[in-house]
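Summary of structural features
If you want the building blocks of each chain, they are given just below.
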Amino acid sequence: MKKLLFVGLSVLMVFCLSVVYAEMTLTNAGGESITFTDEELGTIITSGEKPFEGVTITITVNQGGPKGGISGPLYEWRDVWEKLTGAKLNIVEIPYAEHYPKVMTDLLTGTGQYDGFMIGSDWMGELVTGEYIVPIDQYMKDPRFPKWDPESLPPSIRTLYTWGDTWYGPLNDSDGQVLYYRKDILNNPDYRAKFKEKYGYEYNVPPKTWNELYDISEFFNGWDWNNDGEPDSGIVMHLKVGAQGMYHYASLSAPFCIMPGEEVDKYHNVYWFDPEDMKPLINSEGHVKALEFQLKLAKTGPDAQVAWSLGEAWDYFLRGKAIFTFSWGDVGSLVQDEARSKIKGKMGASILPGSLEVYDRSQGKFVTFETPNVWGNTTGGSWHGVISALSKNPEAVYHLLAFHATNKISLWNVQRGWTGVDPGAKFHFLPPYGTASLDDYVANGFNPEDAQEYLKAYYDNFFAPNIAPYLRIPGGNEYWVALDRHLSEAYTGQASAKEALDRVARDWEDITNRYGREEQLKVYQESIGYKAK
């Protein structure tokens, strides 16, 4: 679908009234153009001196190709960036499951084959504590480099790009999972009446709790509610091992097992480990109940989803075959692509539901809340670039990453689903929550109601009062891989929820002992803001 870049009228008016900086219009590989001020591009570009002439930098990224998630924007803007700076960009695509091991091998052996990496944020603990990547604070203040706005990030996302008060990566992706649903179907009065007759209550749109969502999903599963002549599903998830299926569990489970509190202590605002001794919490009663619930919920979706990766699950929802999915921001923008989606203009979106029953470890029992225990999340990679400490050209790497972090390229990415870059910064959101223009989204192919629901859902998620803790310790990727592997055993019927999570806990203990319990505990406490008393 041909998309035209829309430059907000208000921005142009401001510019015309205060012509302080010159303009430069850049055209990407797809033939779309963006006009920048000199200040936005920085003096390295506007001076025309090309200090990186003859320099080649190599960046790793998840395999996806020229139109793939996260990799695509690098290709889209490569030619123009090379022309402006004189540098050459070598893009090395690595399959998702192999990316982290290859990066760590390069760093641990001191090979220095790569100058930078488009990392998942769960790698950060190992990369920072090992001093494998370099801080970028000095570059951020330097007018030679493209200008981007770190203050536009909510604290929940900012945390993933920093360690303490130190920045390590410019803005790129903002991952978090929200609920997507078929607003048109759920608001159908006939369907609502039939549901009430069967379940004895009227459901909320969107559902407020996971149990309510389950009832709705069960009601709609297995019959032709969209009149396409085929049975349809209640929900669809991507549960394939090695394909990020474990992230579904992390988002869903949070309200079952995290007790909210004013501060992080032994029993409140913790999810992964006991902050006093690094004992895994993953097989505690709250987690087991959450996984048992997810296994029950999965039965209201297609059987094949256990072997589906992101694209297959997303396409099932986009083709109008499921009432619900919960996933990343890619879905909301892909819904707008009518070559792939049949549900443009029919989509609802919201922060994920909560749970009325939460396991309270301090009491050793489940407690009942009067209102749902809801947690925002930053589940996923929030994939962004960092600079290798072994790079001989760190300034060129930062220049590339900052160029992609400029407000205009960032917004361009967010408004195109194939880029894999999801909204999270203030300038992505609509007023009164942000500064983006609805007209701008519509000009780039969005249905206006879809855009409003989608962006509000992400604002609510990233600015939620409670944000689920993110795992950022050495070996972070290994802990995730172990969780993924054993969750798959439960999804495929090879193990019960308790058996699967017990296996995860044993693997996590081995990983912790291998890295050193005391060292891991110190980093874990720092990463979640726990302070011993």
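As a reminder, the structure under discussion sits directly above these lines.
These remarks concern the structure in this document. (Residues numbered from 1 in each chain as written. Predicted model: local features only at pLDDT ≥ 70, side-chain atom pairs only at ≥ 80, totals over all residues. Heavy atoms only, no water.)

**Some details on the packing of aromatic side chains**
The criterion, for reference: By convention, a stacked pair of Phe, Tyr or Trp rings (six-membered ring in the case of Trp) has centres within 6.5 Å and planes under 30 degrees apart, an edge-to-face pair has planes over 60 apart, and any other such pair is tilted. The secondary structure listing takes helices from DSSP runs of H or I that are at least 4 residues long and strands from runs of E that are at least 2 residues long, numbered from the N terminus. Three exposure classes are used, based on accessible area relative to the maximum for each residue type with a 1.4 Å probe and protein chains only: buried under 20%, partly exposed in between, and exposed over 50%. Consider the ring centre and the ring normal. A charge sits over the ring if Lys NZ or Arg CZ is within 6 Å of that centre and within 35 degrees of that normal.
Under the defined criterion, the tally for this structure stands at 45 aromatic pairs. A centroid spacing of 6.0 Å and a plane angle of 90 degrees characterise the contact between Trp123 and Trp383, whose relative ring orientation is edge-to-face. Of this pair, Trp123 sits in the loop between strand E5 (116–119) and helix H7 (124–129) while Trp383 is found in the loop between strand E13 (365–373) and strand E14 (384–387), placing the two residues 260 residues apart along the sequence. Both residues of the pair, Trp123 and Trp383, count as buried. Aromatic side chains Tyr271 and Trp272 sit 4.7 Å apart centroid to centroid with 75 degrees between the ring planes, which places their arrangement in the edge-to-face category. Classification of Tyr271 as buried rests on a relative accessible area of 3%. Accessibility expressed as a relative area gives 3% for Trp272, which makes it buried. One aromatic cluster in this structure is built from Tyr191, Phe195, Tyr199, Tyr201, Tyr203, Phe219, Phe220, Trp223 and Trp225. Its end group placed over the ring of Trp418, Lys67 keeps NZ or CZ at 4.1 Å from the ring centre. The ring of Tyr214 carries Lys296 above its face, with NZ or CZ at 4.3 Å from the centroid.

**Quick notes on the sheet that holds strand E4 (residues 88–94)**
The cut-off we apply is this: For two strands to be treated as a pair, DSSP must find no fewer than two bridges joining them. Each axis is a line fitted through C-alpha atoms, taken for helices only over the stretch in contact, and angles between the N-to-C directions span 0 to 180 degrees. Working rule for contacts: check all heavy atoms of both residues, and any pair within 4.5 Å makes them a contact.
An order of E4-E3-E5-E14 is seen for the four strands of this open sheet, with the pairing classed as mixed. Taken across any chain shown, the strands that pair with only one partner, and hence form the sheet edges, are E4 and E14. With strand direction ignored, the average angle separating the axes of adjacent strands in the sheet is 25 degrees. By the bridge criterion, two bridges tie strand E3 (residues 56–62) to E5 in an arrangement that is parallel. Paired with Ile59 across the bridge in E5 is Gly116. This element, helix H5 (residues 78–85), spans E3 and E4 of the sheet and lies at about 150 degrees to E4. Most of the contacts of helix H17 (residues 394–405) go to E14, to which it runs at about 165 degrees, and overall it touches E3, E4, E5 and E14.

**Observations regarding H5**
Turning to H5, its buried residues number three or more, namely Val80, Trp81, Glu82, Leu84 and Thr85. For H5, the elements touching its buried residues are strand E1 (23–27), helix H3 (43–46), E3, E4 and H17. Backbone geometry just downstream of H5 places Gly86 in the positive-phi region, at approximately 85 degrees.

**With respect to the packing of helix H14 (residues 285–298) against helix H22 (residues 497–515)**
Operational definition: For classification purposes, angles smaller than 35 degrees are called roughly parallel, those larger than 145 roughly antiparallel, those between 65 and 115 roughly perpendicular, and all remaining angles oblique. Here is the rule for handedness: rotate from the far helix to the near one, and if that takes an anticlockwise turn smaller than a right angle the crossing is left-handed, while a clockwise turn gives right-handed.
Where H14 meets H22, the axes come as close as 9 Å, and the angle between the chain directions of the two elements is 130 degrees. Accordingly, the angle class assigned to the pair H14 and H22 is oblique. Once H14 is placed against H22, the crossing between them reads as right-handed. Touching His287, Val288, Leu291, Glu292 and Leu295 of H14 are Ala497, Lys498, Ala500 and Leu501, all from H22.

**A look at H22**
We count it as follows: Here the expected span of a helix is defined as 1.5 Å times the quantity of residues minus one.
Taking 1.5 Å of rise per residue, the 19 residues of H22 would be expected to cover 27 Å, and the 27 Å separating its terminal C-alpha atoms lies within 8% of that figure. Three or more residues of H22 are buried, namely Ala497, Ala500, Leu501, Asp502, Val504, Ala505, Asp507, Trp508, Glu509, Ile511 and Thr512. Looking at the buried positions of H22, the neighbouring elements they touch are helix H13 (246–257), H14, helix H21 (476–491) and helix H23 (517–528). Of the residues flanking the end of H22, it is Gly516, one or two places downstream, whose phi is positive at about 105 degrees.

**Here we look at the sheet that holds strand E11 (residues 347–350)**
Pairing within the open sheet is mixed, and its four strands lie in the order E9-E10-E8-E11. Unpaired on one side and paired on the other, strand E9 (233–235) and E11 mark the two borders of the sheet. Neighbour to neighbour, the strand axes of the sheet diverge by 20 degrees on average, direction disregarded.

**Here's the deal with the side chain of Asp360**
To keep things clear, this is the line we draw: The charge count includes Lys and Arg as positive and Asp and Glu as negative, but it does not include His or the ends of the chains. Salt bridges, as used here, are contacts in which a Lys or Arg side-chain nitrogen is within 4 Å of a carboxyl oxygen on Asp or Glu.
In this fold, Asp360 is placed in strand E12 (residues 355–360). Buried charge without a partner: Asp360 forms no salt bridge, and the closest opposite charge is Arg361, 7.5 Å away. Beyond its immediate stretch of four places on either side in the chain, Asp360 contacts Met259, Lys365 and Val367.

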